[in-house]
Amino acid sequence: MNMPDSILEEIFIKRSQQKKKTSPLNFKERLFVLTQDKISYYDYDVDKGKRKGLKGYVDTEKIKCVAIVLSDDNTPPERLYPFQIIYDEGPLYIFAKSDQVRKQWIRELKNVIQSNKDLMQKFHPRFWEDGMWKCCKQEVKQAMGCRVTESKNGGFLNRDNKSISRKPLPPTPEEEKLPRPLPPQPPVPSGFSLGMTVIAEYEYTPMASHDLELRKDEEYTLLEINDPNWFRARDKYGNEGYIPSNYIAQALNGLEKYDWYCKNINRSQAENLLKTENKDGGFLVRDSGKFTGKYTVSVFTKVGGETVGNCRHYNICVNAQDQFYLAENHNFSTIPELIIYHQHNAAGLVSRLKHIVSNRTEHAPSTAGLGYGGWEIDPRQLTFIRELGNGQFGVVKYGKWQGRHDVAIKMVKEGSMSEDDFIEEAKVMMKLCHENLVQLYGVCTKQRPIYIVTEYLANGCLLNYLRDGLQHPTGIMLLEMCKDISEGMAYLEANQYIHRDLAARNCLVDSNGTIKVTDFGLSRYVLDDEYLSSAGSKFPVRWSPPEVLLYCKFSSKSDIWAFGVLMWEVYTLGRMPYERWNNTEIVEKISTGQRLYRPQMANERVYSLMMSCWHERADERPTFQDLVVIIKDLLFNM
Ligand code: 027
């Protein structure tokens, strides 16, 4: 039989509820299970990884508020991410292991309680401890909260300067530093180690002499992982060579090779995927919880040919003989066998499993260079096919490398670039590899003009795409574009790389509509005074913050300002920022606090996000890492 439908499961630390003023505080590890009706917590056997007795629960319909708790400076590391669930009995304090997990739980909980009556308008942002609220020092436990609750979506920024009527109390100093979202992502793919077995997610045909061929779904052993983009590996025949690290995945449970297995997705993400696909009998298999080693089959049905469908979730159960089953009387020794059976027989499910729904990208991503090794490309291996247009450094052509791989070739007009400096920098730029950055493949420097060879994107420049390439732009599409750009920029930020000229004209669109950022850092090699001097006619004044205009101070925070302007370009479908003003007027207006207006397509939340990028003080602006989290949250709630 199916287990009661858990939305999330996680081991947290729970603080005792201190019902009497004098009872001591204690903290215990508990297994928390969230379902639509209840949040329950269990005793947990760490050694056996098993759920033991039920210790307590809260009916979700009784919950009045879910919020993070601000912790003190002397908090032990295992209790850094507290949150609270407030119900009749007061607050239940729970400590998550990371901000990410905490955020996920708060989001799911808010989802579950969204139509509860009597949701609280105010709450206490700090603990009730030793008979008082640590935030406002009130000594009555029932005392009204001292902070206004965030709106449903709960963004990180509270900078909506329009809402004067319900202005929250001034923030406590600690609050400024606490709700920072995710830590920066490491530039090196994590989780891989020497000797590990991995599985190829894409085919890879060797591009350079030391490369190894990858066949999709086959296993490889890692022999060398010094270069984050290229690992040395061995296949099952004993062949050895270099492989692109973004083409492989860890082999953990043997399910990775099946397209129906979606690693690292939760219930709501599964529902989103299935609903987007919108096929009756669409299905996928996901992890039931983060640690359980259990799996759930999620199925989409359109019962009776209805236009809107819904999702069902079935836990894969294990019987006493260690066999897997979804419905009784149909047992299998492996999960793939169980899936094959239910692809042909509903046998108790709402539908048989008709269509695999996958979260994998069909297209193989770009590699960091054309094979392992140098950055020098032999120009005799390039075929020129057609001219694409003109860039900062001259003509750009579309062509093929080795007659097979699409490339864009920039032919650098002589005298337009400080070439030696650029060639040196190209070695660094080659190592930057992200799905939202236009990949540098290499350079041809043994000739004049020199060539810069990059990834080719079939839909051209974002600015033109916005102006005349979009049929029926929606708020979601525009925000997806901003998400793509913020992810590419967050990668540059994590690698301490400053773009210096972020704008819609420096983004490209691929055949799927994915946006990628291009020409990062290149402005440093431009030989053109009109472009380099902030007084010059080509300097990107409209994308520059005060500190760049006044003291040429570039930083990731000046990129953030430009990102705000780029968001504005996106939401106006490619208008010129500050259309009616000239450069002198712009500098003047910006320094007196004037900003771009709210585009019609941008709602208040989106506009307050752009506005946060235009804080006069650079350190008040968010990071790209913040922006990624906030934009994903907005998208999730659309
Ligand atoms: N670049 N450019 C294109 C275009 C262009 C491109 C690039 N691709 C540049 N990688 N890939 N279309 C225009 C188109 C790099 C690709 N059509 O102007 C310039 C396609 C096709 C013209 C308009 C779609 C509607 C580095 C930025 C050089």
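Reading guide: rules and limits
Residues numbered from 1 in each chain as written. Predicted model: local features only at pLDDT ≥ 70, side-chain atom pairs only at ≥ 80, totals over all residues. Heavy atoms only, no water. Core = buried A, V, L, I, M, F, W, Y, C linked by side-chain atoms within 4.5 Å. Buried < 20%, exposed > 50% of the residue type's maximum accessible area, 1.4 Å probe, protein only. Helix = DSSP H or I, 4+ residues; strand = E, 2+ residues; numbered from the N terminus. Contact = heavy atoms within 4.5 Å. Pairing = 2+ DSSP bridges. Axes fitted to C-alpha atoms, helices over the stretch in contact; angles between N-to-C directions. Patch = residues over 30% accessible without salt bridge, like charges linked within 9 Å, V, L, I, M, F, W, Y side chains within 5 Å. Areas by Shrake-Rupley, 256 points an atom, 1.4 Å probe, with all protein chains shown as cover. Salt bridge = Lys/Arg side-chain N within 4 Å of Asp/Glu carboxyl O. Lys, Arg positive; Asp, Glu negative; His and termini not counted. Charge placed at Lys NZ, Arg CZ, Asp CG, Glu CD. Near = heavy atom within 4 Å. Nonpolar A, V, L, I, M, F, W, Y, C, P; charged D, E, K, R; others polar. Disulfide = S-S within 2.5 Å. Expected span 1.5 Å × (residues − 1).

Student: Would you take a moment to explain the nonpolar core for this structure?
Tutor: Soluble, globular proteins show a tendency: their nonpolar side chains are buried together. One finds F422, L462, I485, L502, F563 and Y571 to be the most contacted residues of the largest nonpolar core, which totals 105 residues. Looking at which element gives the most residues to this core, the answer is helix α10 (residues 556–571), with 10 residues. With sequence-adjacent residues up to four places away left out, F422 is seen in contact with M417, M429, V443, I450, I452, L522 and Y525. Listed in part, the 22 residues of the second largest apolar core include F32, I63, V101 and I113.

Student: What exactly am I supposed to notice about the sheet that holds strand β12 (residues 197–200) here?
Tutor: Strand pairing in a sheet relies on backbone hydrogen bonds. The paired strands run either parallel or antiparallel. Taken in spatial order, the five strands of this open sheet run β15-β14-β13-β12-β16, and their pairing is antiparallel. Edge strands, defined here as strands with exactly one partner in the open sheet, are β15 (240–244) and β16 (248–250). Within the sheet, the average angular offset between the axes of one strand and its neighbour, ignoring direction, is 50°. For β12 and β16, the ladder comprises three bridges, and the chain directions are antiparallel. Paired with V198 across the two strands is Q250, which belongs to β16.

Student: I tried to follow a positive patch on the surface on my own but got confused; where do I start?
Tutor: On the surface, K28, K48, K50, K52 and K55 cluster together to form a positively charged patch. Tallying contributions element by element places strand β4 (residues 50–59) first for the positive patch, with three residues. Within the element layout of this structure, K55 appears in strand β4.

Student: How do you make sense of the site of the ligand when you look at a structure like this?
Tutor: Taken together, L388, V396, A408, K410, T454, E455, Y456, L457, A458, G460 and L508 make up all the residues around the ligand. Compared with its free state, where it exposes 590 Å², the ligand has 65% of that area covered by protein. Of the residues that constitute the shell around the ligand, the class distribution is seven nonpolar, two polar and two charged.

Student: How do you make sense of the sheet that holds strand β6 (residues 81–87) when you look at a structure like this?
Tutor: Read from one edge of the open sheet, seven strands run β4-β3-β2-β1-β7-β6-β5, paired in antiparallel fashion. Either end of the sheet is taken by a strand with one partner, and the two such strands are β4 and β5 (65–68). Strand-to-strand twist across the sheet, computed as the mean angle between neighbouring axes with direction ignored, equals 35°. Note that strand β1 (residues 8–15) and strand β7 (residues 90–96) share two bridges and pair antiparallel. Bridge assignment links I13 to a residue of β7, and that residue is F95.

Student: Would you take a moment to explain the state of the cysteines for this structure?
Tutor: Chemically, a disulfide is nothing more than a covalent bond linking the sulfur atoms of two cysteines. Using the criterion set out here, one finds zero disulfides in the structure. Cysteine C262 shares no disulfide, and the gap to the nearest cysteine sulfur, in C311, comes to 12 Å. The class of C262 is buried, set by a relative accessible area of 0%.

Student: For this particular structure, what's the right way to read helix α13 (residues 624–636)?
Tutor: The periodicity of an α-helix, 3.6 residues per turn, causes residues three or four positions apart to be oriented the same way. With 13 residues, α13 ought to run about 18 Å at 1.5 Å a step, and its terminal C-alpha atoms sit 18 Å apart, in line with that. Judged by how many residues are buried, α13 sits mostly within the fold: 11 of 13 residues are covered. Inspection of α13 places F624, Q625, D626, L627, V628, V629, I630, I631, D633, L634 and L635 among the buried residues, and these make up the whole buried set. Against the buried residues of α13 lie α1 (99–113), α7 (475–494), α10 and α12 (604–613).

Nothing here speaks to function; it is all geometry.
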